[in-house]
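Here is how the chains run, residue by residue.
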Amino acid sequence: MIVRINKSHIVLSCLTAVLLACSTSSERAGPTIETLNERSFEIDRSAKLTIDREKAINTYREFLATQPDYPLRAEAMRRLADLEMESKDESFAEGVERLKEQVQQAGRVDDGGGNARDYAGTIRLYTGLLKAYPYYPGNDRVLYQLAKAYEHTGEQSRSLATLDRLVRDYPKTEFIDEAQFRRGELHFTLRQYDRSQYAYKAVVDYGPASRYFERALFMHGWSLFKQSRYDDALASFFTLVDRKLGTRRTDKVDEVMTGMDRSEREMLEDSFRAMTLSFSYLQGPRTVAESFAQRGQRAYEYYIYNRLGEYYIKRERIRDAAETYGAFARLYPAHKESAFMQLKVVEAYQKSNFATLALVAKEAFVTQYGVGSRYWRLYDEDMHNRLRPHLQKHLSELAGHFHASAQKSRKVADYQKAARWYRKQITDFPKATRTPKVNFLLAESLYEGQQYRDAITEYEKTAYYYPKNKNSAEAGYAALLAYSKYVVRLPAEQHKGWKVKAINSAVRFADTFPGDKRVASVLTKSAEELFAMHNPDRATILARRVLTLKPTARSSLRRTAWTVVAHTEFERGAFAKAESGYREVLRLTARKNKSYNTMLERLASSIYKQGEQQRAAGNQRAAVAHFLRIGKVVPSSAIRVTAEYDAAATLITLKDWKAAIRVLESFRRLYPRSTLQGEVTKKLAVAYLVNGQSSKAAAQYERIAATSQDKGVRRDAIWEAAKLYQKSGKKTLAFKTYKKYIKQFPRPVEQSMEARRLVAKYYGEHKDWKKRNYWLKQIITVDSRAGSQRSDRTRYLAAQATFTLAEPYYTAFRKVRLLRPLKKSLKKKKKRMQEAIKAYSHAADYNVASVTTAATYRIAEIYFTLSKDLLKSERPKKLNAEEREQYDVLLEEQAYPFEEKAIELHENNARRVSKGIYDDWVKRSFFSLSKLRPVRYAKNEKREVIVSDLR
């Protein structure tokens, strides 16, 4: 390329001629340095330079020694100094590189860069030039170079003084922005932050035209930060962040930064770090709010609040963190992350055991973002689905907290709070699976809060409104207890009406739960009430009904008295006293008496209720003891089933897995037909799993899969069983279970494909290739027919299977040797080649990166193998030297296109690096290319090292 340049851009190829011309008398014909001032040259940049730097330096030195009075002596001195500077700079860079290699290799450091840092001669030239020619027009460049030389020698103060002189004397120099930036760097390194601030500010004022603008803006902020001028520092950082992110309308700053180059990303990350620290040193979230109020809203505002909150969390400043998260939620209640910032407030307080504050935060969350709230109405079902688990969890925790508090304080107000949150759960999530249980707990809280009338309503709703559940019978019975509590509070004139209602409820209980063992006692009590109310007819009906249930009429006044006493204590909740009463009743009742079993059940119920009381009071061990005591005191009791189940559940709550397993296994043996067997199986599975008995847990999951009526539960259970068998090392059982899963649940396709992959792997491990290939083909077929359920994962599995099935073709191709006659063996090898390429092409058609690179590599190797095999093929017999040579040439001509095709395919693989794909197959292609084209691909990579000390 031909370009025109002026005297300041003459290349070294012209230097010798110029200097030789100058070395003679000034009257000698020909060009001189002086004449170059007014001339231009056409330089061919493609021409090879014929003069090295050292020769040029020596020539300049000779010229300066022989021409002390020459008019352009200053220009020659400056050029000599520049050449020496370039030489020293290269040596310096090489020394830095050697130093890095020594540190990386053996931690050994010598003074290999010492000579490179010897700029003394260069410095003398520059300082001499400045002294001899103070008005030389190029002194701004001289000062610029002199400052660099001082900096390389470690003389920072001299470098700084030189830069000060440059910016003072030559404010319009082309180096002004870089000089100011270097001044800022030196002042910053010397911790002269007030001075570095002004230097960086000069670069910032220069404007975005300077390539140092963003870096100066960044360091200007740090200079102010180091002086504790946090408000001013924030201004610089905000300007920089706005410049980098201002046009991006997203609060996902981390994702944006991921797409930046490393230096940009690190600068932005450090800016956010400085901003976070500045806000924390000021007034935290208050300062953040004020900052954005002044500057206007930004998409990254959420990111700032979140980082500040995380900063406080790491430093255990929990209240500050919570205030930060809460501040964002309060300022932007409609922001999509507002709810989740409030959740972080809850989480922060919970993790730090600030129970009261966590409670307040939970109440704020469910109120501000609950079902029906303004926030709820703003967003779609996807957001609702994200919120529901948190709302349900915190509503449950609020209700549970106030319920537990009420049970300790016995304050009606606390029970009312619990009831309020239970009601909200029911209102907001009426179709949730836990709603009947929540309704039961609502009734319990009302009962315990002495709001018996409302408790009656909710108990009866639990028992009779919802589909039958494990609390139905208990709720129906508890309603009767609530009636008895409520009636005694009423004026005497209202007793009769409410007692009739209670009796009607008792009859409804008996009708709805005819198999409940408490029916006899309920009807007996109703009969006694009716008798006391002088309603003998109905009392008789109920009494007869009691007789059909096999509790008989009282045999003596004493036994009746004890029964009344026992019932009274039971209804009051004094279950220990009730137990004593029922023991007396039983003591006075013959075993053959029809009421004996009923009293036994009452005795068992009193023990069971003691267990419930202890459990409600938090005395879990005592509760377990009561539940299990039923089996010893009243082993035939029907409530023993429930009690032992509750004992196991309580032991699970205590995480006493071994004890829970013993109770559950006993339950399994004793009550094989119990409706609780399904729940027992689930609990046993969990207990075995947590206790490290994976294979037993797997067996329970198989049992769940075999008995559950819920298809989803069965599917999840059999999958979990297979995983647990695999985890416990029982591969055969795992394999069989995965096959069972595939047969029973072919959909969803992705998971059944995973099962097929594991089955294929199992056969592969056992070298049963035929069956392995069958399952690999299944994977391919299922993926092709998956329709809307086809996913990236199913395509990946199908691609992998296709590639694996292609491998035998590759092996078969490689095994074919090229023997005489070549035509016959070559035909066979080409056939195998086409089969292999076709198989690998099918794998590549899936467009799965890791499979595509592997298939490309294999196809390239097929072409290269054919090329090599042709060259190594068996030669015909009886060829003379000339014929042999001609034959070899023909083979090379045939082999060459295959080698070129291999290179082309390997290069295709290598180019995938530009798309971020650099797997093992791409590496192999690079290695193959280094052998096939060593000149281009077998070079050591050189890297330019840039050293930048920002602080």
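Residues numbered from 1 in each chain as written. Predicted model: local features only at pLDDT ≥ 70, side-chain atom pairs only at ≥ 80, totals over all residues. Heavy atoms only, no water.

1. Some thoughts on the overall build of the protein chain
Point 1. If you tally the helices and strands in the protein chain, you get 44 helices and two strands.
Point 2. Per-residue burial for the protein chain yields a buried fraction of 48% across its 951 residues.
Point 3. Considering only contacts in the protein chain between residues 6 or more positions apart, those separated by 24 or more positions represent 59%.
Point 4. Entry remark: accessible area of the protein chain is about 50700 Å², with carbon and sulfur atoms responsible for 50%. (Helix = DSSP H or I, 4+ residues; strand = E, 2+ residues; numbered from the N terminus. Buried < 20%, exposed > 50% of the residue type's maximum accessible area, 1.4 Å probe, protein only. Contact = heavy atoms within 4.5 Å. Areas by Shrake-Rupley, 256 points an atom, 1.4 Å probe, with all protein chains shown as cover.)

2. Quick notes on the pattern of salt bridges
Point 1. This model, assessed by the stated rule, comprises 48 salt bridges.
Point 2. Among the salt bridges present, the one from D169 reaches R168, with a minimum N-O distance of 3.3 Å.
Point 3. Given the relative accessible area of 38%, D169 is considered partly exposed.
Point 4. For R262, the salt bridge identified is with E266, shortest N-O distance 2.9 Å. Of this pair, R262 and E266 are both found in helix α12 (residues 262-281), four residues apart, which corresponds to roughly one turn of the helix.
Point 5. Its relative accessible area of 60% is what places R262 among the exposed residues.
Point 6. Among the residues examined, E266 registers a relative accessible area of 40% and is labelled partly exposed.
Point 7. A cluster of three or more residues bridged by salt bridges with shared partners is formed by E474, D516, R518, K609, E612, R615 and D646. (Salt bridge = Lys/Arg side-chain N within 4 Å of Asp/Glu carboxyl O.)

3. Some details on the confidence of the model for the protein chain
Point 1. A residue-level look at the protein chain finds 80% of positions with pLDDT of 70 or above and a mean pLDDT of 79.
Point 2. The spread of mean pLDDT over the elements of the protein chain runs between strand β1 (residues 2-5), the lowest at 32, and helix α9 (residues 213-226), the highest at 93.
Point 3. Note that residues 1-51 has pLDDT below 50 and, in this model, 67 contacts with residues that lie over four places away or in other chains.
Point 4. Per-residue pLDDT stays below 50 along residues 551-557; that stretch engages in 18 contacts with residues further than four places along the chain or on separate chains. (pLDDT = per-residue confidence, 0-100.)

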